[in-house]
Amino acid sequence: QVQLVESGGGSVQAGGSLTLSCTSSGRTFSSYHMGWFRQAPAKEREFVAAISDRGVRTDYKDSVKGRFSISRDTAKNTVYLQMNSLEPEDTAAYYCAAGRSWLLHTAAAPYDYWGQGTQVNVSS
């Protein structure tokens, strides 16, 4: 019922910036908490950032705090991940996800819908 499409990935040098976008179908975008996860080769998918349905609450993986910023635009049904001061360790496929529960939002299980992923490569 909900389709998520990510965009904005690419290659950047360390210290650079990228902004990822995730656009949701449907008219119930504001009812979903949104999260960003990433997965590097041979690594498990890990939580990056999340924003609550009304945008009141946000949360970040410790290693991206101060560098990444999550936001949402209800009029555009879009959630963004602004990534600054990128490091090679940020290289991964990034996925957005939508869920109805904020409980355990750092885990993948609460999210019902996932995007196809967008690749971010950060060179040293």
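Residues numbered from 1 in each chain as written. Predicted model: local features only at pLDDT ≥ 70, side-chain atom pairs only at ≥ 80, totals over all residues. Heavy atoms only, no water.

A count of helical and extended segments in the protein chain gives zero helices and 11 strands. The order of helices and strands in the protein chain, counted from the N terminus, is β-β-β-β-β-β-β-β-β-β-β. Taken over C-alpha atoms, the radius of gyration comes to 13 Å for the protein chain, in line with the 14 Å a tight globule of 124 residues would show. With respect to the three principal axes, the spread of C-alpha positions in the protein chain is 40 × 25 × 25 Å. (Helix = DSSP H or I, 4+ residues; strand = E, 2+ residues; numbered from the N terminus. Rg over C-alpha atoms; globule rule 2.2 N^0.38 Å.)

With that settled, consider the state of the cysteines. Per the stated rule, a full pass over the model turns up one disulfide. Two residues, Cys22 and Cys96, share a disulfide whose sulfurs are 1.9 Å apart. Judged by the torsion about the S-S bond (55°), the Cys22/Cys96 disulfide is right-handed. Within this pair, whereas Cys22 is found in strand S3 (residues 18-24), its partner Cys96 is found in strand S9 (residues 92-99), the two being separated by 74 residues in sequence. What makes Cys22 buried here is its relative accessible area of 0%. (Disulfide = S-S within 2.5 Å. Buried < 20%, exposed > 50% of the residue type's maximum accessible area, 1.4 Å probe, protein only.)

For the structure on display, the rule yields seven salt bridges. With a closest N to O distance of 2.9 Å, Arg38 and Asp90 form a salt bridge. Here the residue Arg38 occupies a position in strand S4 (residues 33-39), and Asp90 occupies one in the loop between strand S8 (78-83) and S9, the gap between them amounting to 52 residues. Across the pair, Asp90 and Arg38 agree in class, each one buried. Between Asp62 and Lys65 there is a salt bridge whose closest N-O contact spans 3.1 Å. A relative accessible area of 62% places Asp62 in the exposed class. Residue class for Lys65 comes out partly exposed when judged on its relative accessible area of 47%. What you see here is one network of salt bridges that share partners, running through Arg38, Glu46, Lys61, Arg67, Glu87 and Asp90. (Salt bridge = Lys/Arg side-chain N within 4 Å of Asp/Glu carboxyl O.)

Turning our attention to unusual backbone geometry. Phi is positive for Ala42, close to 65°, though the residue is something other than glycine. Within the element layout of this structure, Ala42 appears in the loop between S4 and strand S5 (46-51). What makes Ala42 exposed here is its relative accessible area of 85%.

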